[in-house]
Amino acid sequence: MIVKICVGSSCHLKGSYDVLEQMKAIVKKYNVEDIVTLQASFCLGDCAEGVTVRSESGEGADQQVIMLHHVNAENAEQLFVDQVYPLLNC
């Protein structure tokens with residue numbers, strides 16, 4: 001699974017660096033470093049909804065995409081547990 005954290009101008013101003021650091025810690029905490037790839041990404045197209053995080057799993061017709069909005073260091077773990085972790089089939 002690929003998890004992209006927007007680091008574009010708007011999201012940067014809303015704390016995307018803190019979200020990226022928090023996501024690194026979350027991936028390590030849940031021991032999914034071998035199946036989750038974190039990437040910084042410039043604009044994900046939802047500037048008014050930032051910080052935006054996009055998770056992608058599967059390919060082609062089986063691809064699942066989840067967009068998380070208004071992510072911050074305080075809610076990142078809960079959003080990960082509720083929205084992303086179930087898709088990992090751990």
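Whatever comes next refers back to the structure up there.
Residues numbered from 1 in each chain as written. Predicted model: local features only at pLDDT ≥ 70, side-chain atom pairs only at ≥ 80, totals over all residues. Heavy atoms only, no water.

(A) Fine view of the environment of Val65. Of note, Val65 is situated in strand S4 (residues 64-68). Along the backbone, Val65 and Met1 are 64 residues apart, and their C-alpha atoms lie at a distance of 9.9 Å. In this view, Val65 contacts Arg54, Ser55 and Glu56; residues no more than four positions away in its chain are not counted. (Helix = DSSP H or I, 4+ residues; strand = E, 2+ residues; numbered from the N terminus. Contact = heavy atoms within 4.5 Å.)

(B) Looking closely at the packing of helix H2 (residues 16-29) against helix H3 (residues 76-84). Look at H2 against H3: their axes get within 10 Å of each other, and the N-to-C directions meet at 50 degrees. Between H2 and H3, the interaxial angle falls into the category oblique. Handedness of the H2/H3 crossing: right-handed. Side by side, H2 and H3 meet where Gln22, Met23, Ile26 and Lys29 of the first sit next to Ala76, Glu77 and Phe80 of the second. Of the residues in the contact of H2 with H3, the class split is four nonpolar, one polar and two charged. (Axes fitted to C-alpha atoms, helices over the stretch in contact; angles between N-to-C directions. Parallel < 35°, antiparallel > 145°, perpendicular 65-115°, else oblique. Left-handed = near helix turned anticlockwise from the far one by under 90°. Nonpolar A, V, L, I, M, F, W, Y, C, P; charged D, E, K, R; others polar.)

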